[in-house]
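If you want the building blocks of each chain, they are given just below.
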Amino acid sequence: MKFFKYILPIFISLTIISCSSDDDESTPVEVNEVEGLIKVQELTNSTHAVEIFTESGQFEQGYNEITIRVKDLATNVFVDDATMSWIPMMNMVSMSHSCPNSMLTKVSGMETIYRGYIVFQMAENADEGWNLMVNYSIAGEDFEAMSDISVPASAKQRVTTFMDAEGMRYVVALIAPENPDVMVNDITMGVYKMESMMSFPVVENYMIKLDPRMPSMGNHTSPNNEDLMYDASSEMYNGKLSLTMTGYWKLNLMILNEAGDVLKGEEVTETNESSSLFLEIEF
Amino acid sequence: MKKTIFLLVSLFIFSQAFSQETENDTIKKVALSEVIVIGKANLKNKNDVKLLSSIDQYLEKSNKVTMIKRGNYAWEATLNNMLSERISVTIDGMQVFGACTDKMDPITSYIDVSNVSEVGITSGQQGSEHGSTIGGGIDFKLQKSYFDKEELTAGIETGYETNGDAKTVSSEVNFSNKKFFINTDGIYRTSNNYKTGGDNEVLFSQFNKYNVSLVSGIKLGKNNALIGSLIYDRATDVGYPALPMDVSLAEAIITSLEFQRDSLNSTLSNWRTKVYFNSVTHVMDDTKRPNVPIHMDMPGWSDTFGFYSKLNYKKGKHSMLFNMSGFYNKSLAEMTMYPNDQNENIMFMLTWPDVRTTSIGLFAEDEINLKENQRLKVTARVGVHNNEIKDEFGLNSLKIFYPEMEESKTRMLLNLSSQYEIKHKKSAFLFSLGYGERAPSVTEGYGFYLFNSFDNYDYIGNPDLKNEKSYEFSAVYNYTASKFKAGLEASYFYLNDYIIGETAPDIGQMTIGANGVRIYTALDGASLFNSKLSVEYKISPSFTYDGHVSYHLGRDNDGTNLPLISPFTFKSALQFKKNLFDAEVNMTSAGQQVNYSSYFGENKTDSYAVFNLNASYIFYLNKNKLYAKAGVENIFDKEYSTYADWNNIPRMGRNFFINLSYTIK
């Protein structure tokens with residue numbers, strides 16, 4: 001069942017995408033390093049095509065794991081020695097800002113693919129949208145490719161922002177589980193501080209209290225969840241999320257700083273149905 | 001306890017005080033077992049049941065069995081105040097398991113009187129022939145003809161009851177000769193909502209069901225025979241007024257093939273080998289209920305394959321019985337809830353995570369005639385029992401509670417008993433000792449958020465439960481004289497690792513409106529005490545008086561009452577019999593339920609007394625026979641409920657019934 005559930009949409013999307021893509025599909029690649037991924041779009045300049053892949057074949061508001069590979073247009077060969085970085089930008093009517101994102105680094109054990117993540121904390125709308133600039137250097141020579149990208153709103157809330165008492169803004173994003181199931185799921189979130197319009201560093205050593213609820217089921221909660229603690233190696237927060245049934249789950253959150261002060265969020269009680277800080281899962 | 005002993009002793013003395021002459025009686029009074037004869041054969045016997053009573057009503061008339069009622073249909077049999085997970089209920093030795101997680105379909109609901117010729121009820125460990133048990137065994141014998149002189153019979157029976165406008169019709173056609181027989185029958189029952197005493201309608205107490213069966217045998221040579229049976233039972237639109245959900249479909253197919261060999265040599269006989277399969281589908285439904293907080297579907301399936309092979313051995317003083325049996329059961333149940341916001345995904349869970357149970361057991365019994373008046377009977381059963389969760393989704397669900405749990409668990413089960421009987425003049429004494437073990441049921445081991453409307457908690461199974469163990473002692477005294485018979489019986493069970501639900505305060509309920517979650521756990525110990533006095537007195541050749549008094553107690557080691565323990569009960573009947581006319585007036589009553597368990601949602605159910613009256617006559621029309629019976633139940637239209645009524649759902653008020661049975665030969 002799972003096979004069809006996940007592979008079938010990918011397969012269908014692949015077919016659709018392959019119809020619209022160029023005829024360079026026939027390029028011989030010994031190992032398909034982007035297997036299982038779907039191309040979202042290409043950013044091209046005069047020398048290269050920067051191919052952007054995600055698992056779903058599109059960007060979405062919230063956390064996005066992004067894989068990039070660069071093709072030399074002259075030789076049709078994928079570049080394997082680039083140094084890369086990126087800048088996602090939201091162009092709003094009144095201002096522009098970036099968003100939390102990681103470094104873009106070569107995937108270990110692979111030749112041609114580079115990976116990182118971007119947390120789009122807001123979706124595009126009719127007047128405002130995102131663009132992505134990829135800067136890369138190959139053998140000391142710098143290149144740049146840029147394009148508008150489409151970041152539609154997610155069906156459920158996968159990212160949220162809040163402001164603490166001191167006026168500092170934060171972004172909280174759901175990273176995993178991507179495919180939740182009725183079980184104890186590993187849950188991962190990212191927490192970022194909005195230092196400036198361009199700087200969103202990872203917030204370290206906070207703690208996220210987790211209380212998953214089903215509002216449609218009398219606010220049923222599940223047992224044996226674990227609050228999310230900071231993991232320095234991944235620079236993310238990991239915990240456990242128990243889901244007792246399929247459906248819509250509201251992940252009520254409380255975020256605590258190193259001193260244990262609650263920056264945002266409230267306990268769910270008989271009288272308080274949900275926390276003001278929450279993310280959502282539906283499956 | 002002191003009170004109980006005092007009561008017992010005084011009852012004992014009381015019963016000793018009567019003494020009359022001896023009489024040979026066909027009904028064996030001295031035993032921890034009882035046989036209820038059902039159907040046609042019953043016409044000649046006791047007159048206390050309606051002809052077209054359901055199996056449940058027959059069982060209710062038994063002095064050993066009490067029926068737990070969640071409505072007017074599919075009652076759950078209890079023996080020694082123990083419910084279905086503690087007793088072994090089989091159909092002709094076949095294991096059948098209900099497919100409902102809420103016990104709305106005890107297997108007795110999948111057979112009907114048209115299928116069954118008699119019910120064997122055995123108390124305690126002596127009832128472990130067909131499966132490991134704590135409280136005892138109930139086995140339904142399927143009705144079948146014998147290889148006899150050529151005969152074709154047909155019969156039609158109809159019944160009508162005013163309360164609930166209940167109609168029953170059944171028919172059968174049987175053919176037999178010396179080499180072949182075939183029995184076919186069908187029965188259809190339908191009832192609207194019944195009314196309680198005081199004329200209050202009990203909503204959602206309707207039911208409809210039909211049952212057809214076919215049994216056929218062929219003789220293979222002089223000594224051997226092959227017998228096949230098929231039962232199909234289907235109930236639809238069944239209401240359960242005591243529960244939050246009804247049933248749109250409860251369906252079972254029960255099949256078997258048996259090879260019989262009457263004798264092997266001078267010592268071995270009655271070799272019976274049977275293979276069987278049954279499949280049960282049960283669909284709960286709440287679409288007809290107003291104001292449900294959330295609509296849900298709860299279908300369940302239970303399929304069982306099994307076999308047994310049994311053999312009698314008789315030599316000298318020893319009469320032995322060996323029975324090797326095994327089964328493989330698959331139990332799966334789902335719950336799908338539909339959010340009020342239709343854009344939301346449906347909510348789905350597995351409430352029985354496709355549990356496969358494999359069980360094999362060897363039972364042996366030896367009845368030794370020590371002296372003319374003394375008899376010793378020992379039984380032993382050794383079993384291996386394995387549960388395995390086949391569905392990964394289900395296993396992962398349970399791992400939320402038990403992260404370390406294994407998908408498979410194997411247990412050894414042991415059941416032992418010994419019984420000593422001594423007769424002296426008009427008296428007979430019987431003492432029995434037993435030790436038994438049982439594995440947790442699928443619900444107790446692997447249930448996932450099963451709502452119990454009795455205590456209003458969601459229940460979670462516990463795969464780490466140990467075997468429940470029972471130490472039992474029972475004693476029976478019977479006095480038999482020509483006009484007077486009395487029997488006194490007491491049994492005591494001490495249960496170790498008694499399986500029961502315990503509130504888990506930190507876990508949130510799933511069911512909207514539930515009080516919380518309970519997890520099956522084991523109490524260190526619990527005690528169950530049952531005692532009963534029966535008397536029968538022939539006042540004159542036509543009049544017989546029958547009386548029963550029983551007292552029960554169930555407590556855990558801390559002295560807390562266990563749930564569903566009967567209060568003091570008293571039954572009394574006066575029968576009149578002359579030629580082909582029979583009549584009876586009887587009374588059933590119970591004292592106030594003083595020892596109730598508030599932890600499990602019980603309250604102090606009031607005392608009551610209910611009176612019933614019936615009469616019957618047999619008309620012979622040439623070779624054909626017409627049997628007519630009519631009566632009134634709950635004559636005074638008393639509004640009452642008993643300790644065994646789920647959520648104190650009131651019982652039926654006044655009910656007039658009439659049954660007609662016509663047999664063509």
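Residues numbered from 1 in each chain as written. Chains lettered and ligands numbered in written order. Predicted model: local features only at pLDDT ≥ 70, side-chain atom pairs only at ≥ 80, totals over all residues.

Caption draft 1: Representation of the confidence of the model for chain A within the structure. The share of residues in chain A with pLDDT of 70 or more is 89%, and the mean pLDDT across the chain is 89. Within the model, pLDDT remains below 50 along residues 13-25 of chain A, and this stretch shows 9 contacts once partners closer than five positions in the same chain are excluded. (pLDDT = per-residue confidence, 0-100. Contact = placed C-beta atoms within 7 Å.)

Caption draft 2: How the structure looks around the environment of E602(B). You can see E602(B) is positioned in the loop between β28 (581-590) and β29 (608-621). Between the C-alpha atoms of E602(B) and V113(B), which are 489 residues apart in sequence, the distance is 32 Å. (Helix = DSSP H or I, 4+ residues; strand = E, 2+ residues; numbered from the N terminus.)

Caption draft 3: Representation of the sheet that holds strand β6 (residues 116-123) of chain B within the structure. All names here are of chain B. With mixed pairing, 5 strands are arranged side by side in an open sheet as β1-β6-β7-β4-β5. One side of each edge strand has no neighbouring strand; the edge strands of this open sheet are β1 (33-37) and β5 (94-95). Across 7 bridges, the pairing between β6 and strand β7 (residues 136-142) is antiparallel. From the neighbouring strand, V116 faces β7, where its bridge partner is L142. (Pairing = 2+ DSSP bridges.)

Caption draft 4: Expanded view of the interface of chain B and chain A. Counting residues at the interface gives 25 residues for chain B, matched by 20 residues for chain A. Elements that contribute at least two residues to the side of chain B that touches chain A include exactly β17 (347-371) and α3 (392-399) of chain B. By residue number, the principal contributor to the side of chain B that touches chain A is α3(B), which donates 4 residues. Class assignment of the residues belonging to the side of chain B that touches chain A gives a composition of 16 nonpolar, 6 polar and 3 charged. (Nonpolar A, V, L, I, M, F, W, Y, C, P; charged D, E, K, R; others polar.)

Caption draft 5: Structural context of the domain arrangement of chain A. Residue and element names in this part refer to chain A. Segmentation of chain A into domains returns domain 1 (2-149) and domain 2 (159-282). Listed by partner, the interface residues are 10 residues for domain 1 and 12 residues for domain 2. Partitioning the side of domain 1 that touches domain 2 into residue classes produces 5 nonpolar, 5 polar and no charged. (Domains from an automatic or database assignment.)

Caption draft 6: Expanded view of the pairing of strand β25 (residues 516-538) of chain B. All names here are of chain B. Pairing of strand β22 (residues 457-460) with β25, which is carried by 4 bridges, proceeds in the parallel orientation. Opposite D458, over in β25, you have V517 as the bridge partner. Note: β25 against strand β26 (residues 543-556), 13 bridges, orientation antiparallel. Looking at the pairing, F529 lines up with L553 of β26.

Caption draft 7: Expanded view of unusual backbone geometry. Across the junction of A176(A) and P177(A), the peptide omega takes the value 5 degrees, indicating a cis bond. The residue P177(A) is located in the loop between β12 (169-176) and β13 (184-193) in this model. The phi torsion at N270(B) lies on the positive side, around 50 degrees, for a residue other than glycine. Within the secondary structure, N270(B) is located in strand β14 (residues 268-285).

Caption draft 8: Representation of α3(B). Residue and element names in this part refer to chain B. Turning to α3, its buried residues number three or more, namely G394, L395, S397 and L398. Summarising the axial view, the buried residues of α3 lie within an arc of 155 degrees, below the 170-degree limit, and thus occupy one face. The inward-facing, buried residues of α3 abut β17, β18 (374-389) and α4 (442-446). (Buried ≥ 20, exposed ≤ 12 C-beta atoms within 10 Å, placed from the backbone. Arc of directions from axis to C-beta.)

Caption draft 9: Structural view of the pairing of strand β12 (residues 224-238) of chain B. Residues and elements named next belong to chain B. In this sheet, β12 lies alongside strand β11 (residues 207-220) in antiparallel orientation, the contact comprising 13 bridges. From the neighbouring strand, N211 faces β12, where its bridge partner is D233. A loop of 3 residues connects β11 with β12, the two strands running antiparallel in sequence, and G221 in this loop sits at a positive phi of about 75 degrees. Pairing analysis gives 14 bridges linking β12 to strand β13 (residues 246-263), with the strands arranged antiparallel. Paired with N224 across the two strands is R261, which belongs to β13.

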